[in-house]
Every structure is written in C-alpha cells, then in structure tokens.
2 protein chains.
Amino acid sequence: MTYAIGLDFGTESGRAALVDLSGGQVLATSVVRYPSAVIDETLPSTGEQLPPDWALQDPDDWVKVVEKAVPDVVKQAGVEAEEVVGLGVDFTSCTVLPVTSQGVPLCTLEEWRSRRHAWPKLWKHHAAQPVADRLNEVALQRGDAFLERYGGRISSEWYFPKLIEVWLEDREVYDECDGFIEATDWIVWWLSGVECRQTATAGFKAMWSPADGLPPTEYFEAAYPGFDKPGEKLGDTFVPLGSKAGTLRSEVAKKLKLSESTAVAVGNVDAWVSVPGVGVEDPGTFVIVIGTSICDMIVHPEEVRLPGITGVVKDGILPGLYGYEAGQAAVGDMLAWFVDRLVMDSGSYGALEEAAAKLEPGETGLVALDWWNGNRTILADADLTGAIFGLGLHTSREQIYRALLESIAFGSRRIMDNFEEHGLVLSEIVACGGIAERSPLMMQLLADTSGRRVHVPEVQEIPARGAALFGAVAAGVWDDIGSAIEATRPKRVRTYEPDLEAKKTYDRVYEIYRALYERLGRTEVRLMHDLKRIRTERRDA
Amino acid sequence: MTYAIGLDFGTESGRAALVDLSGGQVLATSVVRYPSAVIDETLPSTGEQLPPDWALQDPDDWVKVVEKAVPDVVKQAGVEAEEVVGLGVDFTSCTVLPVTSQGVPLCTLEEWRSRRHAWPKLWKHHAAQPVADRLNEVALQRGDAFLERYGGRISSEWYFPKLIEVWLEDREVYDECDGFIEATDWIVWWLSGVECRQTATAGFKAMWSPADGLPPTEYFEAAYPGFDKPGEKLGDTFVPLGSKAGTLRSEVAKKLKLSESTAVAVGNVDAWVSVPGVGVEDPGTFVIVIGTSICDMIVHPEEVRLPGITGVVKDGILPGLYGYEAGQAAVGDMLAWFVDRLVMDSGSYGALEEAAAKLEPGETGLVALDWWNGNRTILADADLTGAIFGLGLHTSREQIYRALLESIAFGSRRIMDNFEEHGLVLSEIVACGGIAERSPLMMQLLADTSGRRVHVPEVQEIPARGAALFGAVAAGVWDDIGSAIEATRPKRVRTYEPDLEAKKTYDRVYEIYRALYERLGRTEVRLMHDLKRIRTERRDA
C-alpha cells in the first residue's frame, strides 16, 4: 500500500489531503486556518497602517499548516509513515517573498521584520498596478513579442510588478535579499532543503519561456532605467512540473512523523494542479473550475498565441504540453450579489434554481453581460461592468437569476469560441468547483449553450489531490503525471448532454449576447468606461 | 357665488368635482366605480368569451356616474342648484361607440346587444393592431403627409383602426349605426341633447386637421378597398374646445337636481384637460402628468412637425394654440415592478426613496433605459425593452431604484431635447399626478437632469377641475379658457430648483444614456427586437 500527501495553500487557510495511490481516493483531510490570514490593514511587527491595495502573508502561518495538517491526515487515515512515499504542494500565485541565500524569509529576521517590503506579497496585493501599467505601456511601444503569450497584457499580480515595487520603494530590502521567490517554491525549499524553481510560475507569472528566457534587459531598462539585472532575484534554472525536488529534511521528517525518504515534488499552483486533480490529461478537454470566479484551463501540444487569455506556457500545467489559462471574473459572487444584495434572502438559492430550471431557453427575454467584476477573458478589462437587457413589467426574479446563469454560460462559450477560432478544438468540458457541485442547471446551460458534453467527476479536494499525484510521480510510483492521472482517474458520475433543440434557441440568443459583447466591450467601450470613471470620481469626491 | 362641475371618466370609475369659481378650489368630490369596470373577458349580454386584446365598457355605467356623483357633490358642498352655472366633461380617449341618429348606443338596443362590435371600445382595446399596422404601412408607402403630425405612426388605440375593425368584422353593425363617436362627445350629447363633436379628439385620434380635413379617401381605399366613405360615421363639423354645446336636457336637469339653464361645454379628454387643470396656459411650459405612465403636453402658437410625438393638433389642448402630446410608457409601473416583483416588499417604497435620496449624482455607476413597457416618445416602439448598465458586486437596491428614477428623468429630458431641437423652447416644468405628490426625489431629478425649475401646484382632482373650468367658460363666467386659468391658477407650493453642480454630472451621464438610447433604440434596434421575438415564440410554443 502506498500513499501520497498533497498540501494545498489557499488565501485564508491551508490543507493536507492523504491520497490512496491504488485508486486515487482521498482518505483524510485536515484544514488549518492561517492565524494572520490576509494582512491588509496593519503590519504585525510595527502596527503601522498599510497603504491601500496591500495584501501580505506571514510565512510562519504556512509552516504551521504543514506541521499540524500532515501528522493529522496520517493519523486520521491510520497509515504507516513508510507508506507515505511522496508529497506535493500547490499554492496561490503569484504569492512571492524575499529570502536569504539560505532560504530564510527576510521578514522572519529581526532587523528586517519592520520593513513591509520584506514580507510575502499575496497574489491579490494590487499596489503594484502603476508598475504593471508602465511595463505594459513600454512593451506595447517597443512591440515586444513576449506580450502575445499573455493575451496582450500582464497583471499587477505578477512577479515583476511586485519585484520592481520593492526595487523602487525599499532598495535596501531589494539589495539584501538573495532571491525573490514564489511561495510554492519556497515551501518546497523549506520541506526538502533544496531550492528548485519550476517552469510553471516562471512562465505564467515571470514572463519567462524555455525558448526565449526572460524579456530582454533593454525592455526592463526602458521602463525602469537602472533595473538592469532582471533575473538576479529569480534565477535562471527552472525545472518542469513532475520533477522531484528532493526528500524531506531530517528535522522536518521528524516533526511530521514521516520518513526522510519521502519524495518532495517541485511546487505547483492551485488552479493549474486542478487539471490532473480532476483526471484530465488530454488536449481537447476544457477544464472549468467554477466557484467565486472561473478559471479555465486546456493543454495542447502546440503553442498558439491568441488574444485575451491569461497566458500560454510550455510545461505550465502538464509537463510536455502547452498550458493555456483563461477565466471569468464574476460567477459565484455575481449570483451571491443577486441573492444577498438584491433579493436579500440567502435561503432562496434553492427555490431560485428550481424555478429558473422550469423556464425554457429564450423564455426570459433577457440577456446579461456577466461583467459584474470586469471581464477577464477575452477582453481583459477590469473597468467593464455588468448589464441586463430585455427587462419588462413581466420580468421575474427567477428569470433574472436564469439570465445570470446563461450569461456565465455565454461567457464560457465566448472563451471556447476564441480558442476554436484560433485552431484549438475543444470537444468536451470537465467542470469542478463549488458551483459544479451545487448547480445542475448551470451545468446543463454550459452544455446547451456550447453544444458540448459536460462531465462533473466524483472527486474532492481537487488541488490537493493533484499535488499528491505529483508527489507520487516524484516518488517514482509512476513514470510521469500522465500515467498517474490515467491510473487514478475519478469516475465521471454526472454527465450533462447538450439538448440540441435548446442549443438552436441559444444560438440565436448568443448572437445577441455576442453583438452586445462586441459593442459594449470594444467598439463602444468608452460608454462603460465613462460610467465607471464618473462613479469613481463621485465616490472619491 | 358661482360654481361649476367637472365630470371625469376614467378607466375603472368616474367622478364629479364641484369647483368654486371665485378661486378655483375644489369644494366636493364624489367617485363612482363602474359596475362592469373593464369588460375584457366575457360579453355581458351573451357570456361569450371575448377574443384576446379586447376591452369594452358599458355606457349605462357612465350614466350611473353622472346620476349619482353630480347630486352628491352639490349636496356635499351645500350650494344652490342655480349657483351651478356650468358643467364640463373629460373622458378617456380614444373610447368610441356606435350610436343611432338619436344618440342611442347600439349596445343598449335589444337587437344589437349580443353583437360585441356594438359595444363601446375602451381606449386600451388593442385588437385592432393589424388594422393600425396596415394603415401605417400604406401611409408610409404613399408618403402621406398627415403622418408627420403623429410623429410618424398612428396607434391601434385610435379612431380609424377601431372603426375599420367594425367594418371588417361586423358590417351589419357598421351599416346600422349612424355615428361612431368618442365617449366624451356622447356623454355631452346625453347631457345636453346636442351632438357636438370637438376638434381635439378629431385631431389627436381621427387624423383630422382644420386645414386638411381627413386623410384622402384614396388613402383609406388603398389600405381597405371598399372603405370609401371614411367620414360617414365621424361627421365633418368639429367645434373647438371652450365652446358651449348647450344646456342640460330638462329630464337630465331634473334627475341631477340642477337648473335647466346650466351650460354644458363640449367634451374633453382626461390627459389634455390637465393643462388648464394645473393652471397652465403659456407656451414654454412642459406639463408632465406622472403616474403609472407619463403624459407630456405643451401648447405653442406654431405648428412644428417632429418625430416620435403622439401628435400635434390645432386647438387640441387649448383653443387657439397647437397642442403637442408626448409620453413615457413605463413610470410608476416600472417602480412598482422593482418593489413588488424584485424586492418583493411593497412597504419598502419609503425606505428606498430615502436611501436613494442620499446618493450623489453619478455615484450609482448605473444607467438604465426606461423601456420596461416599450418606448412611447420619441422612438414610438412597443417592442423595446428595459436595460440596466454598470452593475457591479457593490450595486445596492437603492442604487438601482435611483437609477430607475434617473432613467425616467433622462427619458423626459430626451423628449424635451426633441422639442427644443425642433425650435420649441421649454423654460420650465409643471408636474402633477401621483408620483409628483409622492416622490420629491423624482421631482428634484427632473430639475437636476434638465436644468429646469419644476413646479408642483397645490391642486386636487386636476382633470375634473380642468373640465369644470371649461364648463364655466361655456356658461360665460369668463370669455375664454385663458382668462379662466388666470383667475383660478393654483399656488405653486413646491418648487424644485435645479442644482447646477448636479446638472454638470448628469450632463455626462446623460451623454451615455443618449448614446445607448440611439444604439439600442435605433442603429442596433434589431438586438432588442430579436430578443423579444425569441421570447414571444418560446412563450407561444
């Protein structure tokens, strides 16, 4: 009997899942909340007020998760230490921290603890937006080709905006640190004693590619004169996903009550590791993680550059393939907005879903643009806002609720169309996440609007499970992640077949959606931008 | 001491108001509900099911109102019969009925009672839509100039669609009746024994004008071959508003306990008579009757033809001036939709109004198109539907409520712009109706979006009061309605001054509203039309 453990680090908490490698079942789970959670008000060391848009974390919180959750799942499952052969990790990204050459986080050292730039910056730290704007502007001016891999723009959440923010605002911290490292790579370092950065975050977040390396130094210098060693805190060696970083350090093994021979895989990221987590390895499958927002992923043997996606990265999701990421910004939170802020009856989800399911395609007379939190793919425009068309005196709550679900489905279809229009054929959909579990209507609408079969696999703890599979590959249980996925593929318990009559009607409604999408999102985009600008001015006045 | 009585016939009930002519105060009111109300399900005489979109009334109900309400107000006010010198009438329009040469409604005769076309067709009888479509189509093909007086199209609610519907569907009723007459003219005939049709409904509803008479017979024949005497049921003599029809018939005077010398004015229509009712006689004042929907009226010495208005008619509102009518289709009912169907708390109007009033112009980030019931002016398109733009996760109920109020105000500004762009200067607004009384915020928004002062006069029973003033003019108390209005003008108790800072912000939001209005209402109108078509098909499937 062999087992592997996946460690999944989220925004508010971390968790461990112990996986039985004979079939892939999750046998035990343990969740530990971070004591400091998201640090966005005051710096713990000094009590100073943090500026707006700051979001930090405490690396000691992550260590606490490991020390508590790992022994916990081993004990719960009642397995022997020696039977746990591998350990994999996934983390939010881009969460990054400055460290010494020994891998010690600067913020844990007395002399740097009071400097806010010494702390890990969480993925949703948005204070580096001006740096991202500048980097985008200069890349566009210069016509740098790397930008095409990221659908035409990079995000303030990424590696270089956060690093250059340190360089600009606290040069001493910048000079003192030896590395500025993704948290997923740091936790692997802490576990194994080996610094081992991987290709996935290097590609998706640090603008690196196996063929071209980093963007040219002249580009960075054009944006920020003097910033002339872009790679000095990042390193220049990146290993593919599926590699083994090493084995557990002896003092860590002792603390975790595991064997020192337990293999540790290189780090991964929570969204992308869901692809092996749900048992997908083949090009042509569109994986939708649908919860508060949507993260879409596909893998493909070729690189295609296409507009509006989050990114395309070699080895970014599965080794040997190009990983593509796209997404929708408002999904579960848009439905929660409707139920909690408009209907103001948080108990009404079930009744709304039931009533909405009784309506026919096209019967609401409504079309919505699902931009309650901007548009991520393919317009990549945070200043867009939501809209509902077709309202009348007859319009009911459940009609609007259904129109919101339909707008999510149309948004997904628009993204799939974008892939297909650029030559990536998508034959089916695998969906997971909270809404895949809770809303059969949403799943049916994804099928009916796109004409594709939707599978919802029977599987829990998807990212942690995916990380555990990478741990098992590192341990040599399988030769590669593809074999691991095949051997442990979860049952597809629920399949939603597209209703072709419904599809015909939805094709007509989608045509209207797409026309409004183009008009309000592109050709007449100034209308929504002006509206938001006026609101921002008035709110700040 | 002299008094006059106004009789106001609405959709569900009729009422009398007794007005003191020394100052114009309403001293007594009496409301009588029609026993048969709106007849839209089964014909009372036979019990037969009425076809869809039918809406009839019973003329006996109207007579009951007169016989009950008139003695009632005289008694309540405690005045002498001789002191009541005049009586005026206003009615819904176009409510029309077939009558004999003696003015007997066909439906009151035993041999015709079982024929549904023998009954009065209420204004909102919409079954003649195909006739209206045909009449519009042929007028457009032929380029008939009369259509310009009606903003480019006539309504199914008007005189000829309803008359031709009889001609097409029950030729015997058509042949038998001597006249097909507006209810307002019929009730004057019943009161005074004098058939006296007036210019206002002839102009606004029967496509007649003093200069050109009716549209040419060839036009009607082109649309309906064989319909070659268009005027035979309408007559060809029309007297201006403000004329005296006669005095009370002796048997009527006896029943009503009034003097036989009481003057009876020619008939009027509920919306238009609100203009004298609120004390307006001057060009340049925009009168808004704001309730379930909005009826806008202005008077002007010149005729200007402009798109989208309901109509422009010489002597149509006040004698000697051109009367212009425009309107908005969804107002109070759109707000009721939000409160009753979406918020589902009919007690929340007050709280919503209060919370919405605390928001700043532009702060909602929202713009709505107020087309919940189509657009009456200036697009004249019943197939348009409502829309809300700018929705986000922060959007609150009160923000949407305010956006709906703002959309009503923008809709009014769009109509005022239309008038001004065609040379009719509008310097101020006088508002009346339920929402003018209940929503100070709505009134302030009308002022702030248009930059015009809004007055809400202190006056009740506005249409009945206006009718009573016409009754007084018929009695010779004043030479003309202008003098009557001047002598009895109600105090303008509440004035809403435009806030020029707010206006600046609203000018920017209005620019967005107007752009969306043009795109979705005109250049891209097929989007909303398609959406509605799909809904109609699915609903009927």
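Q: Before we move on, could you go through the overall build of chain A and cite the residues and values that matter?
A: In terms of regular secondary structure, chain A is built from 18 helices and 18 strands. In terms of overall dimensions, chain A is globule-like: its C-alpha atoms have a radius of gyration of 23 Å, near the 24 Å expected for 541 residues. Counting contacts in chain A only where the partners sit at least 6 residues apart, residues at least 24 apart contribute 73% of the total. When the accessible surface of chain A is totalled, it reaches about 18,900 Å², and 46% of it is carbon and sulfur. Within chain A, one finds 54 positive and 82 negative side-chain charges whose respective centroids are separated by 3 Å.

Q: So what about the sheet that holds strand 18 (residues 494-496) of chain A? Which residues, and what values?
A: By way of backbone hydrogen bonds, the strands of a sheet pair with one another, either parallel or antiparallel. Residues and elements named next belong to chain A. One open sheet accounts for seven strands, arranged 12-13-11-10-16-17-18; its pairing is mixed. Either end of the sheet is taken by a strand with one partner, and the two such strands are strand 12 (311-314) and strand 18. Across the sheet, the mean angle separating the axes of adjacent strands is 25° when strand polarity is ignored.

Q: Quick one: what's the story with helix 2 (residues 129-142) of chain B, residue by residue and with numbers?
A: All names here are of chain B. In a regular helix each residue adds 1.5 Å, so 14 residues correspond to 20 Å; helix 2 covers 20 Å between its end C-alpha atoms and thus fits that length. Those residues of helix 2 lying buried are V131, A132, L135, N136, V138 and A139. Residues of helix 2 that are buried make contact with helix 3 (159-169) and helix 7 (217-223). Two residues or fewer after helix 2 comes G143, characterised by a positive phi angle close to 70°.

Q: A description of helix 15 (residues 462-474) of chain B should follow, citing residues and the corresponding values.
A: Residue and element names in this part refer to chain B. Relative to the 18 Å expected for 13 residues at 1.5 Å per residue, helix 15 spans 19 Å between its end C-alpha atoms, a close match to the ideal helical length. With respect to burial, helix 15 is a largely interior element, 13 of its 13 residues being buried. Immediately beyond the C-terminal end of helix 15, within one or two residues, lies G476, with a positive phi of roughly 85°.

Q: Outline the sheet that holds strand 15 (residues 386-391) of chain B, listing residues and values.
A: Reading across the sheet, the four strands line up as 14(A)-15(A)-15(B)-14(B) and stay open at both edges, with antiparallel pairing between neighbours. Each edge of the open sheet is held by one strand with a lone partner, namely strand 14 (367-369) of chain A together with strand 14 (367-369) of chain B. Between one strand and the next, the sheet's axes are offset by a mean angle of 10°, whatever the strand orientation. With three bridges joining them, strand 14 of chain B and strand 15 of chain B adopt antiparallel strand pairing.

Q: So what's going on with the environment of A:V188? Which residues, and what values?
A: All names here are of chain A. Its place among the elements puts V188 in helix 5 (residues 183-192). Considering only alpha carbons, one finds V188 and D133, 55 residues apart in sequence, at a separation of 32 Å. Those residues in contact with V188, other than ones at most four positions away along the chain, are V89, G193, V194, A245, V264, A265, V266 and G267.

Q: Tell me about the relation of the copies chain B and chain A, and name the residues and values.
A: The two copies are related by a screw motion: chain B maps onto chain A through a turn of 180° and a shift of 0.1 Å along the axis, at an RMSD of 0.1 Å. The superposition of one copy onto the other is thereby described by a two-fold rotation axis. Taken together, the interface assignments show that 100% of the residues at the interface of chain B recur at the interface of chain A, consistent with an identical surface on both copies.

Q: Tell me about the interface of chain B and chain A, and name the residues and values.
A: Counting from both sides, the interface comprises 50 residues of chain B and, opposite them, 50 residues of chain A. Here chain B meets chain A over a buried area of about 4,600 Å², counting both sides, of which 62% is carbon and sulfur. Contact with chain A buries surface across chain B, with B:L393, B:L531 and B:R538 losing the most and accounting together for 15% of the total. Counting every contact that joins chain B to chain A gives six salt bridges. Two residues, A:R508 and B:E537, come together in a salt bridge whose shortest N-O distance is 3.0 Å. The interface formed by chain B and chain A holds 31 residue pairs in polar contact (both at pLDDT 80 or more) in total. At the level of secondary structure, the elements contributing two or more residues to the side of chain B that touches chain A comprise helix 10 (332-343), strand 15, helix 12 (397-421), helix 17 (500-523) and helix 18 (525-540) of chain B. Top contributing element to the side of chain B that touches chain A by residue count: helix 18 of chain B, with nine residues. Across five bridges, the pairing between strand 15 (residues 386-391) of chain A and strand 15 of chain B is antiparallel. Paired with A:F389 across the two strands is B:A387, which belongs to strand 15 of chain B.

Q: Requested: an account of the pattern of salt bridges, with residues and values cited.
A: Residue and element names in this part refer to chain B. All told, the structure shown has 74 salt bridges over all chains when counted by the stated rule. Of the charged contacts, one joins E165 and K121 as a salt bridge, the two residues approaching to 2.7 Å between their closest N and O atoms. Here E165 is found in helix 3, whereas its partner K121 is found in the loop between strand 5 (96-99) and helix 2, with 44 residues between them in sequence. Both residues of the pair, E165 and K121, belong to the buried class.

Q: Please provide a residue-by-residue account of the packing of helix 14 (residues 440-450) of chain B against helix 17 of chain B, values included.
A: Residue and element names in this part refer to chain B. At their nearest, the axes of helix 14 and helix 17 sit 7 Å apart, and the two run at 70° to each other. Judged by the angle between their axes, helix 14 and helix 17 are roughly perpendicular. Judged by residue contacts, L445, D448, T449 and S450 of helix 14 engage A502, K503 and Y506 from helix 17. Class assignment for the residues of the contact of helix 14 with helix 17 results in three nonpolar, two polar and two charged.

Q: So, the packing of aromatic side chains: which residues are in play, and what are the values?
A: Two aromatic rings are characterised by how far apart their centres lie and by the angle between their planes. Residue and element names in this part refer to chain A. Inspection of every chain in the model, using the stated rule, returns 52 aromatic pairs over all chains. Ring centres of W62 and F91 lie 4.9 Å apart, and the angle between their planes is 80°; on these two criteria the pair is classed as edge-to-face. Of this pair, W62 sits in helix 1 (residues 59-77) while F91 sits in strand 4 (residues 84-91); the two residues are 29 residues apart in sequence, bridging distant segments of the chain. For the pair formed by W62 and F91, the shared burial category is buried.

Q: Explain the side chain of A:R149 residue by residue, including any values.
A: Residue and element names in this part refer to chain A. With respect to the element layout, R149 can be found in the loop between helix 2 (129-142) and helix 3 (159-169). Here M207 takes part through its backbone oxygen, which lies 3.2 Å from a polar atom of the side chain of R149. Once you skip the residues sitting within four places of it in the chain, R149 turns out to touch M207, W208, S209, D212, E303, R305, I309, G311 and V312.

Q: Residues and numbers for the confidence of the model for chain A, please.
A: The predicted model of chain A averages 95 in pLDDT, with 100% of residues at 70 or higher. Interface confidence in the predicted complex, given as ipTM, is 0.91; pTM for the same model is 0.91.

Q: Could you give an account of the packing of helix 11 (residues 349-357) of chain B against helix 12 of chain B, with specific residues and numbers?
A: Packed helix pairs are specified by the crossing angle of their axes together with the interaxial distance, meaning the distance between the axes. Residue and element names in this part refer to chain B. Between helix 11 and helix 12, the shortest axis-to-axis distance is 8 Å and the interhelical angle comes to 85°. In terms of axis orientation, helix 11 runs roughly perpendicular to helix 12. Counted together, Y349, L352, E353, A355, A356 and A357 of helix 11 and R397, E398, Y401 and R402 of helix 12 form the full contact between these two elements. Residues that form the contact of helix 11 with helix 12 fall into these classes: six nonpolar, no polar and four charged.

Q: So, a negative patch on the surface: which residues are in play, and what are the values?
A: Residues A:E110, A:E111, A:D175, A:E176 and A:E232 make up a contiguous surface patch of negative charge. Here A:D175 shows up in helix 4 (residues 171-176).

Q: Just give me the short version of the nonpolar core, but keep the residues and values in it.
A: Core analysis: the biggest nonpolar cluster contains 154 residues, and A:F389, A:F419, B:F389 and B:F419 have the highest contact counts within it. Filtering out sequence-adjacent residues up to four positions away, B:F419 remains in contact with B:F286, B:I298, B:L306, B:I309, B:Y324, B:A326, B:L424 and B:L426. Core analysis: the next-biggest nonpolar cluster, separate from the first, contains 79 residues, B:A28, B:L256, B:V266 and B:V269 among them.

Q: Any details on unusual backbone geometry? Residues and values, ideally.
A: Among all residues except glycine, the phi angle is most often negative; among peptide bonds, the trans geometry is most common. Residue and element names in this part refer to chain A. In this structure, the amide linkage connecting S93 to the following residue, C94, adopts the cis form with an omega of 5°. With respect to the element layout, C94 can be found in the loop between strand 4 and strand 5 (96-99). The phi dihedral of D53 falls on the positive side, at around 70°, and the residue is not glycine. Structurally, D53 can be placed in the loop between strand 3 (26-33) and helix 1.

Quick notes on the rules
- Residues numbered from 1 in each chain as written.
- Chains lettered and ligands numbered in written order.
- Predicted model: local features only at pLDDT ≥ 70, side-chain atom pairs only at ≥ 80, totals over all residues.
- Heavy atoms only, no water.
- Helix = DSSP H or I, 4+ residues; strand = E, 2+ residues; numbered from the N terminus.
- Rg over C-alpha atoms; globule rule 2.2 N^0.38 Å.
- Contact = heavy atoms within 4.5 Å.
- Areas by Shrake-Rupley, 256 points an atom, 1.4 Å probe, with all protein chains shown as cover.
- Lys, Arg positive; Asp, Glu negative; His and termini not counted.
- Charge placed at Lys NZ, Arg CZ, Asp CG, Glu CD.
- Pairing = 2+ DSSP bridges.
- Axes fitted to C-alpha atoms, helices over the stretch in contact; angles between N-to-C directions.
- Expected span 1.5 Å × (residues − 1).
- Buried < 20%, exposed > 50% of the residue type's maximum accessible area, 1.4 Å probe, protein only.
- Least-squares fit on C-alpha atoms with pLDDT ≥ 70 in both.
- Buried area = accessible area lost by both parts, 1.4 Å probe.
- Salt bridge = Lys/Arg side-chain N within 4 Å of Asp/Glu carboxyl O.
- Polar contact = N/O pair within 3.5 Å; in protein donor to acceptor, adjacent residues only side chain to side chain.
- Parallel < 35°, antiparallel > 145°, perpendicular 65-115°, else oblique.
- Nonpolar A, V, L, I, M, F, W, Y, C, P; charged D, E, K, R; others polar.
- Phe/Tyr/Trp six-rings, centres within 6.5 Å; stacked < 30°, edge-to-face > 60°.
- pLDDT = per-residue confidence, 0-100.
- Patch = residues over 30% accessible without salt bridge, like charges linked within 9 Å, V, L, I, M, F, W, Y side chains within 5 Å.
- Core = buried A, V, L, I, M, F, W, Y, C linked by side-chain atoms within 4.5 Å.

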